[in-house]
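Each chain, written out:
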Amino acid sequence: MIFLTTLPLFWIMIAASRGGHWGAWMPSSISAFEGTCVSIPCRFDFPDELRPAIVHGVWYFNSPYPKNYPPVVFKSRTQVVHESFQGRSRLLGDLGLRNCTLLLSNLSPELGGKYYFRGDLGGYNQYTFSEHSVLDIINTPNIVVPPEVVAGTEVEVSCMVPDNCPELRPELSWLGHDGLGEPTVLGRLREDEGTWVQVSLLHFVPTREANGHRLGCQASFPNTTLQFEGYASLDVKYPPVIVEMNSSVEAIEGSHVSLLCGADSNPLPLLTWMRDGTVLQEAVAESLFLELEEVTPGEDGIYACLAENAYGQDNRTVGLSVMYAPWKPTVNGTVVAVEGETVSILCSTQSNPDPILTIFKEKQILATVIYESELQLELPAVTPEDDGEYWCVAENQYGQRATAFNLSVEFAPVILLESHCAAARDTVQCLCVVKSNPEPSVAFELPSRNVTVNETEREFVYSERSGLLLTSILTLRGQAQAPPRVICTSRNLYGTKSLELPFQGAHRLMWAKIGPVGAVVAFAILIAIVCYITQTRRKVRGAWDWRGGFWAFVGSAQSWT
C-alpha cells in the first residue's frame, strides 16, 4: 500500500521556524524525468533585526562555498549564470517573502547533483545554508512489486513517477496487464518533504501461470513526444515438496556414501543437508547430492534435508550408522595442582561400539573401564612424584587412539642432601641442588661476612635447571683462611627453605696422595687457570661435572662484550 501524509513535514517545519535565525528548508532529495522540468521548493529565514531593504539570493551547484567558484545556477543581482544553466533556471519564489523556490527546465543528466542556496541581504549579511537538495534525473518509472508474490494471494503492484514539473504533468498507463485486473489511479500525491508523485495501483490475484509475466508502466506527457517505460517480471512462488530421498544407510568407516535429496518448487528451493544443526552442503537447485568420501566416525548420525523458499519449506531425515574406531580422547580436568590437593581427571571419547578406556603413567595402569565412553581418575593428596606425563588410551576392534596430558604439581622448594661445599687451597665451591615447582630463586649467605650472593651475580653463581631440579654453584676465590659458613636459601610462592651446606673433605685426601711436589704443581696450574680466565675476561659455557672431589666446568669459551 502507498501511504502519504496530507500535510508534509517540510511545510510543518517552515511554519514552526519563522523568524529569528538563519535557516533554510528544502527537500533533501527530489527527482524528475529527463527532458522535463523540476521545481525545488525552498524557504529561508534570517534574524529579524537585520531588516534589509532588499533581499537577494544565489543558487549554487554541487558546492556551498563561493571561494570554490561553484557553478552559479541562479543569481538575482546580475542574472549571470553558468553556461550549463543558461535559459534553464529561474526563480519561482519571492525572495522578499523568504521564498527561494527554484525552477530548472529542459533537464539533462549532467544537471543531477546537489543544489545550495545563499541568502544575500547586503554587506556582510550573506549566508550560505548547509541544507541542500539532491536532484536525481531519471528516465524510467518506478514499479514497486511486493517482495513476495504468492499464488492465490492478492497483491498490489504500484507505478510511481515524480510530478515536480509545473509545466508538464505525467499520465500513467499499464502495459501487459490483461487478465490481471483493472488499474486504480490515485492521482497526484504530496510526499513528506514537499515533493509530488503520480501513483497508479494494480490489484490482482496471481496464478502459477503468471510466473515470469512481464508487467509494464508507461509515463507520457501530453502534447510532447516524451514517453518513459519501466518493466517488472512477476515472480509467483509456491512452496517446495521433497520428492526424492534415500532410506536409512549403514556404512563402515572409510567407505563412500552418497545421499540424495530432490524437491519440486517455484522458485527453485534452497536445498540444505544438515547434521546436528550444522550445515554440510547447500545449493539452490532441484536436487542435491551429499557425497561422503571415506566416511569417518564423526559422520555417524541423522542427516536432514531442508528444502525452503520464501513461501514455505519441507524437510526429511535419513540415518547414517558408521562403525568406527574411537575418536582421539579428550581430557578435561585439573592439569596444575598444589601439593596435597585432590586432582580429578576425566577422559572421554566416542566410538562404535564403545571402547575400553585406560589411563596410565610410565607404563603403570592407574584406571580402566570396559565398553564405556568416560573414565574418571582421582588422585588424592598429590605429591611431586605425581608430576609428569599421563596417557589416556581408547580402543575397540576398529582401532586405538591415545591422548597425552601433563599434570604439573607445584610445591615449596626442597634442598637435596647432595648439596655441599668443597674447598681446594684458596678456592671454595658450593653446590645447592633444589627441587621445586615453580622455579625458585636461590641465594648463598655467608653469615660471618654479612654477605648474600644471589643467582643474578653471574661472576660468582652459575645456575642450571633440568626438569624440577635447579642446580646452583657458588665459586669463591682467594679463600686463604678457613672456609666460611655458607647457607643456601631457596624460595618460591609456596615457601622458603634454607640449609647450611656441609664441607666435604675429599680435597684434603687428594693433596695427601699427590704429595708436596704434586700439590705445588697442581696449585700452580690452578692459579694459572684462574689468572687466565681473569685476564682474558671470557665467559664460559658448558656443563658442570664433579671431578676428584671438586666441581669442574667443562665446555667452550666465548668472549665477554
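Note that this is a predicted model, so its numbers are computed, not measured.

Digging into the overall build of the protein
Step number 1: What the protein contains, in helices and strands, is two helices and 45 strands.
Step number 2: For the protein, buried positions account for 42% of its 561 residues.
Step number 3: Of the contacts formed within the protein by residues at least 6 apart in sequence, a portion of 61% connects residues at least 24 apart.
Step number 4: A total accessible area of about 29800 Å² is found for the protein, and carbon and sulfur atoms account for 52% of it.

Here's the deal with the sheet that holds strand β22 (residues 270-275)
Step number 1: Strand order in the open sheet formed by five strands is β20-β26-β25-β22-β23, and the pairing between neighbours is mixed. The open sheet has two edge strands with one neighbour each: β20 (249-252) and β23 (278-284). Direction aside, neighbouring strands of the sheet carry axes that sit 20° apart on average.
Step number 2: Relative to β23, β22 runs antiparallel, the two being bridged by six bridges.

Looking at the pattern of salt bridges
Step number 1: Enumeration over the complete set of coordinates arrives at eleven salt bridges.
Step number 2: The salt bridge partner of Asp45 is Arg98, with a shortest N-O separation of 2.2 Å. On the criterion of sequence distance, the pair formed by Asp45 in strand β4 (residues 43-45) and Arg98 in the loop between β7 (89-91) and β8 (102-104) is long-range, its members being 53 residues apart. Of the two residues, Asp45 and Arg98, both sit in the buried class.

Details of the state of the cysteines
Step number 1: Tallied over the full model, the rule gives seven disulfides.
Step number 2: Covalently, Cys37 is tied to Cys165 through a disulfide, its sulfur atoms 1.7 Å apart. Its torsion about the S-S bond being 95°, the disulfide of Cys37 and Cys165 is classed as right-handed. Taken together, the residues span a long stretch of sequence, with Cys37 in the loop between β2 (29-33) and β3 (38-40) and Cys165 in the loop between β13 (155-162) and β14 (171-175) at a distance of 128 residues.

Concerning the packing of aromatic side chains
Step number 1: A full pass over the atoms with the stated rule returns 17 aromatic pairs.
Step number 2: Where Trp22 meets Phe46, the ring centres are 6.2 Å apart and the plane angle is 50°; that geometry is what we call tilted. Within this pair, whereas Trp22 is found in the loop between α1 (9-16) and β1 (23-25), its partner Phe46 is found in the loop between β4 and β5 (56-61), the two being separated by 24 residues in sequence.
Step number 3: Their ring planes at 55° and their centres at 5.5 Å tell us that Trp59 and Phe117 sit as a pair that is tilted. On the criterion of sequence distance, the pair formed by Trp59 in strand β5 and Phe117 in strand β9 (residues 113-120) is long-range, its members being 58 residues apart.

Some points on the side chain of Thr195
Step number 1: With respect to the helices, strands and loops of the structure, Thr195 is situated in the loop between β15 (183-190) and β16 (196-204).
Step number 2: Given a relative accessible area of 5%, Thr195 falls into the buried group.
Step number 3: Within polar-contact distance, the side chain of Thr195 engages the side chain of Glu191 at 2.7 Å.
Step number 4: The contacts of Thr195, once residues within four sequence positions are left out, are Pro27, Ser29, Ile30, Asn164, Leu189 and Arg190.

Some points on the nonpolar core
Step number 1: Phe44, Trp59, Leu104 and Tyr115 are the most contacted members of the largest nonpolar core, which totals 33 residues.
Step number 2: For this core, the elements supplying multiple residues, two or more each, are β2, β3, β5, β6 (72-75), β8, β9 and β10 (126-138).
Step number 3: A per-element tally of this core places β5 first, with four residues.
Step number 4: In contact with Tyr115, not counting residues within four places along its chain, are Met26, Ile40, Trp59, Tyr60, Phe61, Val73, Phe85, Leu102, Leu104, His132, Ser133 and Leu135.
Step number 5: Phe33, Leu180, Leu202 and Cys217 belong to the second largest nonpolar core, which has 22 residues in total.

A few points about the pairing of strand β35 (residues 420-424)
Step number 1: Most of β35 sits inside the fold, with five of its five residues counted as buried.
Step number 2: With burial as the criterion, each face of β35 is covered, one bearing His420, Ala422 and Ala424 and the other bearing Cys421 and Ala423.
Step number 3: As judged from the five bridges shared by β35 and strand β36 (residues 427-437), these two strands associate in the antiparallel manner. Counted as the bridge partner of Ala424 is Thr427 from β36.

Comments concerning the confidence of the model for the protein
Step number 1: Per-residue confidence for the protein gives a mean pLDDT of 84; residues scoring 70 or more make up 85%.
Step number 2: Contacts for the low-pLDDT stretch residues 1-19, under 50 throughout, to residues beyond four places or in other chains number 41 contacts.

Overview of the environment of Arg449
Step number 1: Topologically, Arg449 is positioned in the loop between β37 (441-446) and β38 (451-454).
Step number 2: Residue Arg449 is classed as partly exposed on the basis of its relative accessible area of 39%.

Quick word on the side chain of Thr36
Step number 1: As for its position among the elements, Thr36 is in the loop between β2 and β3.
Step number 2: Side-chain polar atoms of Thr36 contact the backbone oxygen of Phe33, separated by 2.6 Å.
Step number 3: Apart from the residues lying within four places of it in its own chain, the contact partners of Thr36 are Leu104, Ser105, Asn106, Leu107, Cys165, Leu168, Phe221 and Leu226.

Calculation criteria
Each chain carries its own residue numbering, running from 1 in the written order of its sequence. It should be noted that, the model being predicted, local features are given only for residues of pLDDT at least 70 and side-chain atom pairs only at 80 or more, the latter also being counted only at that level, while totals for whole chains, interfaces and linings use all residues. No hydrogens and no water enter the side-chain calculation; it runs on all heavy atoms of the structure. We count a stretch as a helix when DSSP gives it H or I for four or more residues in a row; a strand needs E for two or more, and each element gets its number in order from the N terminus. Three exposure classes are used, based on accessible area relative to the maximum for each residue type with a 1.4 Å probe and protein chains only: buried under 20%, partly exposed in between, and exposed over 50%. Residue contacts are counted whenever heavy atoms from the two residues lie within 4.5 Å of one another. Accessible surface is estimated by sampling points in the Shrake-Rupley manner with a 1.4 Å probe; for residues, cover comes only from the protein chains shown. Two strands qualify as a pair provided that DSSP identifies no fewer than 2 bridges between them. A fitted line through C-alpha atoms serves as each axis, taken over the contacting stretch for helices, and the angle formed by two N-to-C directions is quoted from 0 to 180°. By convention in these notes, a salt bridge is any Lys or Arg side-chain nitrogen within 4 Å of a carboxyl oxygen on Asp or Glu. Our working definition of a disulfide is a cysteine sulfur pair at a distance within 2.5 Å. Note on ring pairs: Phe, Tyr and Trp rings are taken, using the six-membered ring of Trp, and paired if centres are within 6.5 Å. Classes follow the plane angle, with under 30 degrees stacked, over 60 edge-to-face and the rest tilted. For the purposes of these results, a polar contact is taken to be a pair of N or O atoms within 3.5 Å, where, inside protein, one atom must be able to donate a hydrogen and its partner to accept one; residues adjacent in sequence count only when each atom of the pair is a side-chain atom. For the purposes of this section, nonpolar cores are sets of buried Ala, Val, Leu, Ile, Met, Phe, Trp, Tyr and Cys residues that join through side-chain atoms within 4.5 Å. Confidence of the prediction at every residue is given by pLDDT, a number between 0 and 100.

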